Amino acid sequence: MKMIKHIYLLLAALSIVACTKLDDNVLATNQVGLPDTIELSFEDSTDDTRVAINEYNQTTWSPGDAISVFYRSTKNLKWQYEGDYEATHASFSYISGDTGTQTSEAITILYPYNEDASVDYSCRYIHTALPATQQYAKNSYGPNGNIMVASGNNTRFKLRSVCGWLRIAIAGADRKISSVSLRGNNGEILAGDIVIDANSAEYTLDNGGSTANKITLKCGDGLALQYAPVYLHIGVLPQTFSKGITVEVKYTDGHTTKLNTTSAMTIARNHIVPMECVDSEGNPI
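Residues numbered from 1 in each chain as written. Predicted model: local features only at pLDDT ≥ 70, side-chain atom pairs only at ≥ 80, totals over all residues. Heavy atoms only, no water.

**Student:** Could you give an account of the packing of aromatic side chains, with specific residues and numbers?
**Tutor:** On inspection of all chains with the given rule, the structure shows 0 aromatic pairs. One cation-aromatic arrangement involves Arg 175 over Tyr 251; the distance from NZ or CZ to the ring centre is 5.8 Å. (Phe/Tyr/Trp six-rings, centres within 6.5 Å; stacked < 30°, edge-to-face > 60°. Lys NZ or Arg CZ within 6 Å of the ring centre and 35° of its normal.)

**Student:** Can you explain the nonpolar core? Please cite residues and give values.
**Tutor:** Counting 48 residues, the largest nonpolar core has Ile 147, Leu 166, Ile 170, Ile 177, Val 180, Leu 232 and Val 247 as its most contacted members. When sequence neighbours within four positions are dropped, the list of residues in contact with Leu 166 reads Leu 182, Leu 232, His 233, Ile 234, Ile 245, Val 247, Met 265, Ile 267, Val 273 and Met 275. (Core = buried A, V, L, I, M, F, W, Y, C linked by side-chain atoms within 4.5 Å. Buried < 20%, exposed > 50% of the residue type's maximum accessible area, 1.4 Å probe, protein only. Contact = heavy atoms within 4.5 Å.)

**Student:** Mind laying out unusual backbone geometry, listing which residues take part and the relevant values?
**Tutor:** Where the residue is not glycine, phi is negative for most of them; where a peptide bond is considered, it is trans in most cases. Between Tyr 111 and Pro 112 the backbone carries a cis peptide bond, its omega angle lying at 0°. Relative to the elements of secondary structure, Pro 112 occurs in the loop between β9 (107-111) and β10 (118-119). Unusually for a residue other than glycine, Asp 174 sits at a positive phi of about 65°. Residue placement: Asp 174 occurs in the loop between β15 (164-170) and β16 (176-184). Residue Asp 174 is classed as exposed on the basis of its relative accessible area, which comes to 80%. The phi dihedral of Ala 201 falls on the positive side, at around 70°, and the residue is not glycine. Here Ala 201 lies in the loop between β17 (191-197) and β18 (203-205). (Helix = DSSP H or I, 4+ residues; strand = E, 2+ residues; numbered from the N terminus.)

**Student:** So what's going on with the pattern of salt bridges? Which residues, and what values?
**Tutor:** In a structure, side chains of opposite charge can pair up when their charged atoms sit close to one another. Evaluation of the coordinates by the stated rule reveals 4 salt bridges. A salt bridge links Arg 175 to Glu 281; the nearest nitrogen and oxygen atoms lie 3.1 Å apart. Of this pair, Arg 175 sits in the loop between β15 and β16 while Glu 281 sits in the segment after β26 (272-274), and the two are 106 residues apart along the sequence. The class of Glu 281 is partly exposed, set by a relative accessible area of 45%. For Lys 258, the salt bridge identified is with Glu 248, shortest N-O distance 4.0 Å. With Lys 258 in strand β24 (residues 256-260) and Glu 248 in strand β23 (residues 245-251), this residue pair connects regions lying 10 residues apart in the sequence. (Salt bridge = Lys/Arg side-chain N within 4 Å of Asp/Glu carboxyl O.)

**Student:** So, the sheet that holds β15: which residues are in play, and what are the values?
**Tutor:** Taken in spatial order, the 3 strands line up as β21-β15-β26 in an open sheet, and their pairing is mixed. The outermost strands of the open sheet, each flanked by one partner alone, are β21 (230-236) and β26. Each neighbouring strand pair of the sheet contributes to a mean axis angle of 25°, computed without reference to strand direction. The pairing of β15 with β21 spans 7 bridges and is antiparallel. (Pairing = 2+ DSSP bridges. Axes fitted to C-alpha atoms, helices over the stretch in contact; angles between N-to-C directions.)

**Student:** Run through the sheet that holds β23, naming residues and quoting values.
**Tutor:** Spatially, β12-β20-β16-β23-β24 is the arrangement adopted by the 5 strands of the open sheet, whose pairing is mixed. Edge strands, defined here as strands with exactly one partner in the open sheet, are β12 (133-135) and β24. For this sheet the average axis-to-axis angle between neighbouring strands, irrespective of direction, equals 20°. Where β16 and strand β20 (residues 214-224) come together, 7 bridges link them in antiparallel fashion. The residue bridging Ile 177 from the neighbouring strand is Leu 223, located in β20.

**Student:** Break down the environment of Phe 157 for me, citing the residues and quoting the values.
**Tutor:** In this structure, Phe 157 sits in strand β14 (residues 156-161). Of the residues examined, Phe 157 reaches a relative accessible area of 6% and is grouped as buried. For the pair Phe 157 and Ile 109, spaced 48 residues apart in the sequence, the C-alpha separation amounts to 8.8 Å.

**Student:** Could you give me a rundown of the environment of Gly 192, with the residues and numbers involved?
**Tutor:** Summarising the element assignment, Gly 192 is placed in strand β17. What makes Gly 192 buried here is its relative accessible area of 10%. Setting aside its immediate chain neighbours within four residues, Gly 192 contacts Thr 128, Ala 129, Leu 130, Ser 210 and Thr 211.

**Student:** Describe the confidence of the model for the chain, naming the residues involved and giving the relevant values.
**Tutor:** On average, residues of the chain score 80 in pLDDT, and 74% of them are at 70 or above. Here residues 1-32 is a poorly scored stretch, pLDDT under 50, and it has 106 contacts once near neighbours within four places are set aside; other chains count. In the predicted structure, residues 46-52 sits below a pLDDT of 50 and forms 40 contacts with residues beyond four places in sequence or in another chain. (pLDDT = per-residue confidence, 0-100.)

**Student:** I'd like a rundown of the pairing of strand β6 (residues 66-71), residues and numbers included.
**Tutor:** The element β6 is largely enclosed, with a buried count of 6 among its 6 residues. The pairing of β6 with strand β7 (residues 77-81) spans 4 bridges and is antiparallel. The residue of β7 that forms the bridge with Val 69 is Leu 77. The hairpin formed by β6 and β7 contains 5 residues between the paired strands, and Arg 72 there has a positive phi angle of roughly 55°. Both β6 and β9 contribute to a ladder of 4 bridges, which runs antiparallel. Bridging from a neighbouring strand, Tyr 71 pairs with Ile 107 of β9.

So this is what it looks like as structure tokens:
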């Protein structure tokens, strides 16, 4: 059995490049070694599909970003970007994981890395979760506010987004946002354990798994309002909110504002739905 000692993950333009060395024991149970290169890029879209957006409106990888790789197996390999700056071209290195027993010819990719994630024996369906608590990132969706997947038996893949996003715009002064929460007015499930088809990026709820009908975006020590709008993005499982949504904005001074819609609203996969800009009292600007 031929063993491969080095793995390279190349992203050109919007591609990943990964260079690593695996110990023989890691691949010992595999019938075939990993390919020399795996090229990943992003699906075509007018919307950005990555966790960070730089000043040129390019999607970028951030320090510490990690992906799960399932190679011919249900077990989870972790690769991580170890650079110290945001980059459209990033080098990922193997961190940990055992490929386990070969079950299919597929290579399946999941972003972000989740040590509890798994695939079925076809390596097509991914079990993972969208968290109900997310973290603010400037002008973008924060870590774990997006899920991307890809699968195939070649060396080139396009990552496809699973989530859609609600964008909230608030302007003002003299207040800091503590958190923003989102609910559907008909009790819709917004986050939790899901099963994703790695080929289509469509999801279903994981039977018996946990779910949440509220998502909270945390803003650390407080996000200071400015006269120019600040934008907050919440990653959501795509769906139609038949009776609209309720957004609750909490401030560090104890003030709370609620924003309500009553009309049906659809948040589609890989698209951003913007709300109109308001001030800290919820008045349109």
